[in-house]
Amino acid sequence: MIKAVIFDLDGVLVTTDELHFKAWSSLAEELGIKGFTKSDNARQRGVSRMASLEILLEKTDRQFTDEEKEELAERKNEMYIRSISKLSKSDLLPEAVEFIDYIKSKGIKTAIGSASKNTPLILKKTEISDKFDAISCGLDTVRAKPEPDVFLIAAKKLGIAPECCAVIEDSDAGIRAAKSGGMYAIAVGAAEHNPEADVSVASIESLYKAITLLA
Ligand code: BG6
Ligand code: MG
């Protein structure tokens, strides 16, 4: 029985994916890295900032020390923060908020489980912080998706057993994390067709019936 739904943030509730791509592309340009494409960016979906940086650095033979990598990640983040500072309610993905309100009306708890350390800022800008009973993000753990930690921390904060939690994710790393945490995994958008998911849908709109049956 599902008692809580844990939502990924980027790409599930809010349209930040394009902003991540733009910031990584600008960093690539600064470093003279050519050929960083949307398909490289797709591999950055769901994984931590440092893992995302490593995906970008695969495109160059240049070597960087750990300290330099920290500086590069910080530079990308400064550019990214400039874009997310302009986010508003209009950047929420269609139907996301209605779906959250719907499941809350059914007595199902809600949480965020995101790799992003910018989660508090994104929630504030899009004005949805108060819709969640718990928030777990990249600031809560260093073990990023596909490790299950960010979701297990969300479940713990909610006081609900992992097997009673469903995760809604658009990344393969997130689906793996949900399954290894013993949770029900719902794949949306880019993760639709992920064979590890328990349910796969093109968008949140298709989930109303499924959630009612599981709760
Ligand atoms: C995830 C994104 O939600 O957060 C990744 O899908 C991103 O692409 C990760 O790398 C970390 O985000 P941030 O905001 O901490 O750099
Ligand atoms: Mg995502």
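Each chain has its residues counted from 1, running along the sequence as written. Each chain gets a letter, beginning with A, and each ligand a number, beginning with 1, in the order they are written. Owing to the predicted nature of the model, reporting of local features is limited to residues with pLDDT of at least 70; listing and counting of side-chain atom pairs is limited to 80 or more, with chain, interface and lining totals taken over all residues. Excluded from the side-chain calculation are hydrogens and water; included are all heavy atoms of the structure.

1. Re the packing of aromatic side chains
Using the following cut-off: Pairing of aromatic rings covers Phe, Tyr and Trp, the last through its six-membered ring, and needs centres within 6.5 Å; plane angles under 30 degrees mean stacked, over 60 mean edge-to-face, and all others mean tilted. Secondary structure elements follow DSSP: runs of H or I of four or more residues count as helices, runs of E of two or more count as strands, with numbering from the N terminus. Classification of residues uses two cut-offs on accessible area relative to the type maximum, computed with a 1.4 Å probe and protein chains only: under 20% is buried, over 50% is exposed, and between them is partly exposed.
One pass over the structure, following the stated rule, counts five aromatic pairs. Seen in terms of ring centroids, F7 and F99 are 6.2 Å apart; in terms of plane orientation they differ by 80°. Their pairing is edge-to-face. Residue F7 is located in strand β1 (residues 4-7), and its partner F99 is located in helix α5 (residues 96-105); the two are separated by 92 residues in the primary sequence. Taken as a pair, F7 and F99 share a single burial class, namely buried. Members of the aromatic cluster, connected to one another through ring pairs, are F7, F99, Y102, F132 and Y208.

2. Comments concerning the pairing of strand β5 (residues 184-188)
Defined as follows: Being paired, for any two strands, means DSSP has found at least two bridges between them. The handedness rule is simple: strands pointing away from the viewer, and a clockwise path from the first strand over the helix to the second, make the crossover right-handed.
Across the five residues of β5, four count as buried, placing the element largely inside the fold. Where strand β4 (residues 165-169) lies against β5, four bridges are found, and the strand directions are parallel. When the bridges of β5 are listed, I168 appears paired with I186. The parallel pair β4 and β5 is bridged by helix α8 (residues 172-180), and the resulting crossover is right-handed. Here three bridges tie β5 to strand β6 (residues 199-201), and the two strands are oriented parallel to one another. Of the residues in β6, the one forming a bridge with A187 is S200.

3. Some words on the coordination of the magnesium ion (ligand 2)
Six octahedrally arranged donors around a metal ideally form angles of 90 or 180 degrees; four tetrahedrally arranged donors ideally form angles of 109.5 degrees. The condition that has to hold: Only nitrogen, oxygen and sulfur atoms qualify as donors, provided they sit within 2.8 Å of the metal or within 3.2 Å for Na, K and Ca; with water excluded from the atoms, sites may seem incomplete.
Of the protein atoms, only D8 (OD), D10 (O) and D170 (OD) coordinate the magnesium ion (ligand 2), at distances of 2.0 to 2.1 Å. Mapped onto the polypeptide sequence, the residues donating to the magnesium ion (ligand 2) form the spacing pattern D-x1-D-x159-D. Pair noted here: D8 is in the loop between β1 and α1 (17-31) and D170 is in the loop between β4 and α8, with a separation of 162 residues, a long-range link. Classification of D8 by relative accessible area gives buried; the value is 5%. Judged by relative accessible area, D170 falls into the buried class, the value being 3%.

4. Considerations on the domain arrangement of the protein chain
The accessible area lost on association of the parts is a frequent measure of interface size. Short version of the rule: For every domain, the bounds stem from an assignment made automatically or drawn from a database. For any pair of parts, buried area is found by adding up, for both, the accessible area (1.4 Å probe) each one loses once the two are put together. By definition, a salt bridge exists where a carboxyl oxygen of Asp or Glu is found within 4 Å of a side-chain nitrogen of Lys or Arg.
When its domains are assigned, the protein chain resolves into domain 1 (4-15 + 89-214) and domain 2 (17-84). On a C-alpha basis, the centres of domain 1 and domain 2 stand 24 Å from each other. Contact between domain 1 and domain 2 buries roughly 1,000 Å² in total, counting both sides, with carbon and sulfur atoms accounting for 55%. Interface area lost by domain 1 to domain 2 is led by D10, T15 and N118, which between them contribute 33%. Seen at the junction of domain 1 and domain 2, the total is one salt bridge.

5. Some details on the sheet that holds β4
The condition is simple: Where helices are involved, their axes are fitted lines through C-alpha atoms of the stretch in contact, as for all axes, and angles between N-to-C directions lie from 0 to 180°.
The parallel open sheet is built from six strands, whose spatial order is β3-β2-β1-β4-β5-β6. The outermost strands of the open sheet, each flanked by one partner alone, are β3 (134-136) and β6. Averaged over all pairs of adjacent strands, the angle between their axes in this sheet comes to 20°, without regard to strand direction. As paired strands, β1 and β4 are joined by four bridges and run parallel to one another.

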